[in-house]
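Residues per chain, in single letters:
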Amino acid sequence: MNRNLIIGTTLSSLVIFAALLSFIWTPYAHTAMNIPEKLQSPNWQHWFGTDHFGRDIFSMIMVGARTSIAVALVAVSIGIGIGVPLGLTAAARKGSWLDEIIMRGNDLVFAFPAIVIAILITAVFGAGAINAIIAIGIFNIPVFARVTRGAALSLWERDFILSARVAGKSSARISFEHILPNVMNLLIVQGTIQFSLGILAEAGLSYVGLGAQPPTPSWGRMLADAQTMVSFAPHLALIPGVAIILTVLGLNLLGDGLRDYLDPRLRIARS
Amino acid sequence: MNLLTITDLNLSIHKSDILRDVSLTVGQGEIVAVTGESGSGKSMTALAVMQLLPDLSTSSGSIQLDGTELTAVSEADMCALRGSAVGMVFQEPMTALNPVKTIGDQVAETILIHKAMPPARAKERAREVLERVGLSADKFPLSRFPHELSGGQRQRVVIAMAIALRPKLLIADEPTTALDVTTQAQILDLLKGLVKEENMGLLMITHDLAVVSDMADRIVVMRRGEIVETGATKHLLAHMQHPYTKMLFAASGHLVNLPTPPEPTPLLKVQNAVRDYQLPRTSLFAKPGHYRAVNDVSFTLHRGERLGLVGESGCGKSTLTRAILGLEPLQGGQIHLDGAPVFSGHSPNLDVRRKMQVVFQDPFGSFNPRHRVDRLITEPFFLLDTPPKGIARKDAIAQALTAVGLHPDDAYKYIHEFSGGQRQRIAIARALIIRPELILFDEAVSALDVSVRAQILDLLAELCTAYDLTYLFISHDLSVVRTVTDRVMVMQAGEIVEQGVTESVFTNPQHPYTKSLIAAAPRLPDLTPTSKEPVQ
Amino acid sequence: MLRYSLKRLMSLILSLAVASLVIFLVIEVAPGDPASFMLGINAQPDTVAALRTELGLDVPKTQRYLTWVSNMLNGDFGTSYTYRTSVATMIADRMWVSLPLALYALVLSTLIAFPAGIYAAARRGKAGDMAVMGATQLGVAVPNFWFAMMMVLVFAINLRWFSAGGFVGWDKGLWAGLHSLTLPAISLALPQAAILARVMRSSLLDILGEDFMRTARAKGLSRRQALWRHGVRNAMIPVLTIIGLQFSFLLAGSIIIEQVFYLPGLGRLVFQAISSRDLIVVESVVMLLVFAVIVVNFIVDLTYAAVDPRLRSRT
């Protein structure tokens, strides 16, 4: 075990635990307003203080973790679910018109940053967490397609793939049996990174009002609310920011740690 | 007076010992060849002289170059010596040059970095050296980029860089290993000529004993970080002392006895095969061009026959192999195995496929690292209508592994637990397991050390007797093809230029290309009769 | 080189054509009838009809698309429904905030990332490398708009070195303009610089393992000389790809950052347009953003060829 993996796993599981726990327990109801106790700094009653409606920040952070994780997770799943098969197909049919179309399509999607997709969707269909998921998910597709195709292409050059072809296996079968398991590590690592980027993107979209809508709590919107009060209640901005940073940092460290841990070259060196 | 004197050099990297008490000398105008198999420490000896050892390495002992103790010199002073007092040529010319700089700039850099000449004069000198290594100004202006040159030409540029400042010592680490035989012969001639003219010392690292015997004034044989034997070439060849040296030379010229092939009945028929590759489009509208990799090739391989296919890189032998395996379509002609066409469009015809198998060159790339040996070698079972299951499968695996000299228990290991030679055995086991009619060996022993190669060749000969193998042996190594085939074909630029009984083609080549190939191939000197004995 | 450039140009035009088609389909086809969408549920039928005529919705979709594209090529982006002014003028005003901001951030990000990445690679595994890598690990995790809020808190509210928001306008002089964009640019640039520095470092480390670096050392170059003369230029090739991608992130990021600093840029415009359902403005702004991203990537492609001779001669 390396240090990145340990810190990364700890931070990530802490956030996931908080998110899961929020389903059954939070110190206060995250929507409960209590005007007399508004804008308190962190104290024993309210560990992270309260906002301008007297809501408990700690509870909001816990429930907000839920939104962040849900959005990022589904978005990454969309990216993997569509991008990986596309990448595998493009690599198996390298140089064909199919490959060309897939790669050109990818280039095109890269020209639409997630926020631009979100703007397009929101303008027509209205704001909401689903739109954030779709926007981030679409942006993830070419990322996974590219990573998969790149790794798969170099595998297709290897002799063991040629052996499988000599054994009469179809390219779909080879993609599934030989290519996919060998790109899996890469996908796990890339998945962790995209997961953390998804959390950042969700926060950004919610901040400008293109993501989760009230009353669904979200870290990005907590920051938007905090903006006008930053001069006299900086903890309102500080705490959700730190939550985002720790989550993203944890996931990135986890990704780095996994890469080192899963790298077959390193494993051979160890054995 | 010795130019280079290495005394009691010890080296360890990451606490594992790489070199032990290595001592050797190189005199002016002398060629000293350090030879040995992989892991012998020969390349590390060369890098130690350059003081370009990997990080985390510790060494003791003395390396004196022209009176300077290199182990005591500061890094800045060492930079001043590298390139001016000692130059180095590496194995892989395709990657040894910076792809984004012109060859002129890269040669001139050697001169400029040592501030030996003003820039304008450095350009002239770069031109001179490039001429000297055989790259003329009209065809190879200084403004050429590395990717515009072939492997041999790039190696000439690397040599030009190394000799631009007329160093007293030149180190060449496997300088011709990555090159074709004819190119190899030219580069070796060039090096010999340079040593003579410039009175340089040449420390040459090579695993190829034929090259060693041909080039060196003195030979140093290394094994596992130690020098086992050293001496003047003629003397050492005539009076080998150490058993390892004897084994090495015997294995290099190793010969096997094949059983007599049966009466010819055709198995594989290749008729006027043509394989074109589409070149990348030059413009959106022009029709893409073609490159003809295999041109009008015809031959017949008979049952029980061992046929060789030799040729230099890029001659089309790999393309032909893929076409025979039915992996790629032909643009003309036909290939039939046992009367049925080998290529059947997108979905492979399993009836034909199950009759042939292949063994590839790279013992490290031919296996999926995530599967265990039992799964790896049973992959061809996919071709069978009713693949054996349970006990029958287990027996088949055990039988195949035993046949190639491994243990049945090896079935449960992963591929990274095996050495290169063992992996090649596993590759042969995979090819044998469905008892194909035909096996293709694509450079199957080219990546192996000589002693391991000799063992695999013996295994082939044994299997020929036990299983009546029919195979097509594709290789660039003439000496290997000569011993393991009955008939041989010579391929050049996509065409078969000559074919015939192996021995007669080698002793009496007809086509000029075959003649030049055979002439260029370095030969082991005729040694004592012991070299004909099989290796233990 | 010319052939390569022409090929990239063809692909640029193709990308723009497809991108514009996608935007057109989403904005003008997906909502069903854009006119009634823009006016909301309570609109009078004759108002809707009037807007339909104004937007040219009576003609077939194909023709509408072609008209839209050809009008854009002539600099006519249509008329904003809510503001009743030319969209082109509205965009032109805002563009002079958003584009300079993204470029400013790109320059800052590169200026920070290159030295940091090269320094870390040169000192691989040592304390300096560890420090840079730790800082970039943190930098990657920081949301730029939160970082911007913290910068406002520290440098505008507490130290009063900068104003907390707003844009003075370029007519107050280049320096004043840059000054009011400095905090936003830094907040955009730092997280991106962290990514770029990491890419620069790993790309350089890959190159350091190449055979030609050993050749260079054998010629007598010191580690440092080899790194600068042979390493950096080769390492630039993957770094350029990232710079191209970063521009689109920065442009997108600037839309968000404008909200923090109350900058009158494209972001503000597009969010107002979304809330007033002004599809014409949304469509034009999105097209402009995508156009900028595609053009920048085209420029990056051309820069590749300048760096890598293999691309120049490849046909």
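Residues numbered from 1 in each chain as written. Chains lettered and ligands numbered in written order. Predicted model: local features only at pLDDT ≥ 70, side-chain atom pairs only at ≥ 80, totals over all residues. Heavy atoms only, no water.

Thoughts on the overall build of chain B
We apply this condition: Working definition: helices are DSSP H or I runs of at least four residues, strands are E runs of at least two. Numbering for both runs from the N terminus. Put simply, the radius of gyration uses C-alpha atoms, and a globule should come to 2.2 Å times the residue count raised to 0.38. Type-normalised accessible area, obtained with a 1.4 Å probe on protein chains alone, sets the label of each residue: buried when under 20%, exposed when over 50%, and partly exposed for intermediate values. When checking whether two residues touch, look at their non-hydrogen atoms; a contact exists if any pair is within 4.5 Å.
Helix and strand content of chain B: 18 helices and 20 strands. Relative to the 2.2 N^0.38 estimate, which gives 24 Å for 536 residues, the radius of gyration of chain B is 25 Å and therefore close to what a compact globule would have. Referenced to the eigenvectors of the C-alpha coordinate spread, the extents of chain B come out at roughly 70 × 60 × 45 Å. A total of 536 residues make up chain B; the buried ones form 54% of that total. A fraction of 69% describes how many contacts in chain B between residues 6 or more apart in sequence connect residues 24 or more apart.

What about the interface of chain C and chain A?
Operational definition: Buried area adds together the accessible area that both of two parts lose upon being put together, with accessible area traced by a 1.4 Å probe. The term salt bridge refers to a pairing of a side-chain nitrogen on Lys or Arg with a carboxyl oxygen on Asp or Glu at a separation within 4 Å. N or O atoms within 3.5 Å of each other form a polar contact, as long as, within protein, one can give a hydrogen and the other can take it, and as long as residues adjacent in sequence are counted only when both atoms are side-chain atoms. Amino acids outside the nonpolar list (Ala, Val, Leu, Ile, Met, Phe, Trp, Tyr, Cys, Pro) and the charged list (Asp, Glu, Lys, Arg) are all regarded as polar, and Gly is one of them.
With 42 residues of chain C at the contact, the number on the chain A side is 38 residues. Three residues stand out in chain C for area buried against chain A, namely Phe145(C), Trp146(C) and Met149(C), and they jointly supply 16% of the buried area on that side. Summed over the shared surface of chain C and chain A, the result is one salt bridge. Its salt-bridge partner being Arg198(C), residue Asp256(A) comes within 3.2 Å of it at the nearest N-O pair. Taken together, the connections running from chain C to chain A amount to four residue pairs in polar contact (both at pLDDT 80 or more). Counting residues per element, the ones that place at least two in the side of chain C that touches chain A are α1 (2–29), α6 (127–141), α7 (144–158), α10 (223–261), α11 (266–275) and α12 (279–307) of chain C. Per-element accounting of the side of chain C that touches chain A gives the leading share, eight residues, to α10(C). A per-class count over the side of chain C that touches chain A returns 37 nonpolar, four polar and one charged.

Structural notes on the pattern of salt bridges
Residue and element names in this part refer to chain A. Under the counting rule described, the total for this entry stands at 45 salt bridges over all chains. Here Arg149 and Asp99 are joined by a salt bridge, their closest N and O atoms 2.9 Å apart. Of this pair, Arg149 sits in helix α5 (residues 129–156) while Asp99 sits in helix α3 (residues 97–110), and the two are 50 residues apart along the sequence. For the pair formed by Arg149 and Asp99, the shared burial category is buried.

Let's talk about the confidence of the model for chain B
Formally: Think of pLDDT as the predictor's per-residue confidence, scored from 0 to 100.
Looking at chain B, the pLDDT average stands at 90 and 96% of residues meet or exceed 70. Contacts from residues 529–536 of chain B, a stretch scored under 50 in pLDDT, to residues over four places away or in other chains number nine contacts.

A few points about the pairing of strand β2 (residues 16–27) of chain B
Residue and element names in this part refer to chain B. Basically, it comes down to this: Two strands form a pair only when DSSP identifies at least two bridges running between them.
With eight bridges connecting them, strand β1 (residues 2–13) and β2 associate as antiparallel partners. Bridging from a neighbouring strand, Ser12 pairs with Asp17 of β2. With antiparallel pairing between neighbouring strands as the criterion, β1 and β2 make up a hairpin whose turn holds two residues, including His14 at a positive phi of roughly 55°.

Here we look at the environment of Gln399(B)
Inspection of the secondary structure assignment puts Gln399(B) in helix α13 (residues 390–403). Distance in space between the C-alpha atoms of Gln399(B) and Ala429(B) is 8.9 Å, their sequence separation being 30 residues.

Topic: a nonpolar patch on the surface
Filter applied, for reference: Patches draw on residues past 30% relative accessible area with no salt bridge. Two like charges within 9 Å are joined, as are two nonpolar side chains (Val, Leu, Ile, Met, Phe, Trp, Tyr) within 5 Å. Computed with the Shrake-Rupley method and a 1.4 Å probe, the accessible areas treat only the protein chains shown as cover for residues.
Together, Ile16(A), Leu20(A), Phe23(A), Ile24(A), Trp25(A), Trp44(A) and Trp47(A) give the surface a local cluster of nonpolar side chains, amounting to about 920 Å² of exposed area. Along the chain, the position of Phe23(A) falls in helix α1 (residues 3–24).

Here we look at the nonpolar core
Worth spelling out the cut-off: For the purposes of this section, nonpolar cores are sets of buried Ala, Val, Leu, Ile, Met, Phe, Trp, Tyr and Cys residues that join through side-chain atoms within 4.5 Å. All the domain ranges listed were derived from an automatic or database domain assignment.
In this structure, Phe112(A) and Ile115(A) are the most contacted members of the largest nonpolar core, which totals 176 residues. The dominant element in this core, judged by the number of residues it contributes, is α12(C), at 19 residues. Two domains each provide a minimum of three residues to this core, namely domain 1 (2–73) and domain 2 (95–275) of chain C. Listed in part, the 55 residues of the second largest apolar core include Phe418(B), Ile428(B), Leu459(B) and Phe506(B).

Quick look at the domain arrangement of chain C
Partitioning chain C into structural domains gives domain 1 (2–73) and domain 2 (95–275). On a C-alpha basis, the centroid separation for the pair domain 1 of chain C and domain 2 of chain C is 35 Å.

Quick look at unusual backbone geometry
Residue Pro214(A) is joined to Pro215(A) through a cis peptide bond whose omega torsion reads 10°. Although it is not a glycine, Asp8(B) adopts a positive phi angle of roughly 45°. Among the secondary structure elements, Asp8(B) is positioned in strand β1. With a relative accessible area of 42%, Asp8(B) lands in the partly exposed category. Even without being glycine, Lys15(B) reaches a positive phi, approximately 75°. The topology assignment puts Lys15(B) in the loop between β1 and β2.

Let's talk about the side chain of Asn234(C)
Among the secondary structure elements, Asn234(C) is positioned in helix α10. Separated by 2.9 Å, the side chain of Asn234(C) and the backbone oxygen of His230(C) make a polar contact. Every residue in contact with Asn234(C), bar those within four places of it in the chain, is listed here: Asn98(B), Pro99(B), Val100(B), Ile207(C) and Phe212(C).

Here's the deal with the interface of chain B and chain A
Facing 28 residues of chain B, the contacting portion of chain A comprises 20 residues. Overall, the association of chain B and chain A removes approximately 2,100 Å² of surface from exposure, summing both partners, and the carbon and sulfur fraction of that is 55%. The largest share of the area that chain B buries against chain A comes from Arg370(B), Glu379(B) and Phe382(B), three residues that together contribute 29% of it. Run the count over chain B and chain A and you get one salt bridge. Notably, a salt bridge pairs Glu379(B) with Lys169(A), separated by 2.9 Å at the nearest N-O pair. The tally of links between chain B and chain A comes to 11 residue pairs in polar contact (both at pLDDT 80 or more). Among the elements of the structure, α11 (350–353) and β16 (356–359) of chain B are those that each provide at least two residues to the side of chain B that touches chain A. Top element by residues in the side of chain B that touches chain A is β16(B). It accounts for three residues. A per-class count over the side of chain B that touches chain A returns 13 nonpolar, eight polar and seven charged.

A short note on the sheet that holds strand β4 (residues 57–65) of chain B
All names here are of chain B. Test applied: Axis lines are fitted through C-alpha atoms, for helices just across the contact stretch, and the angle between N-to-C directions can take any value from 0 to 180 degrees.
With respect to topology, four strands assemble into an open sheet ordered β2-β1-β4-β5, the strand pairing being antiparallel. Here the strands that pair on one side only, and so sit at the sheet edges, are β2 and β5 (68–69). The sheet contact formed by β1 and β4 spans eight bridges and is antiparallel. Note that in β4 the partner of Ser12 across the bridge is Thr58. In this fold helix α1 (residues 42–50) packs onto β1, β2 and β4, with an angle of close to 115° to the strand it touches most, β1.

Things to note about the packing of aromatic side chains
Residue and element names in this part refer to chain B. Quick reminder of the rule: Between the rings of Phe, Tyr and Trp (Trp by its six-membered ring), a pair exists once the centres lie within 6.5 Å; its type follows the angle of the planes, with under 30 degrees stacked, over 60 edge-to-face, and the other angles tilted.
In the structure shown here, the tally under the stated rule is 12 aromatic pairs over all chains. With 5.9 Å between their ring centres and 35° between their planes, Phe441 and Phe473 make a pair best called tilted. With Phe441 in strand β17 (residues 438–442) and Phe473 in strand β18 (residues 471–475), the pair connects residues that are 32 residues apart, well separated along the chain. Classification of Phe441 by relative accessible area gives buried; the value is 2%.

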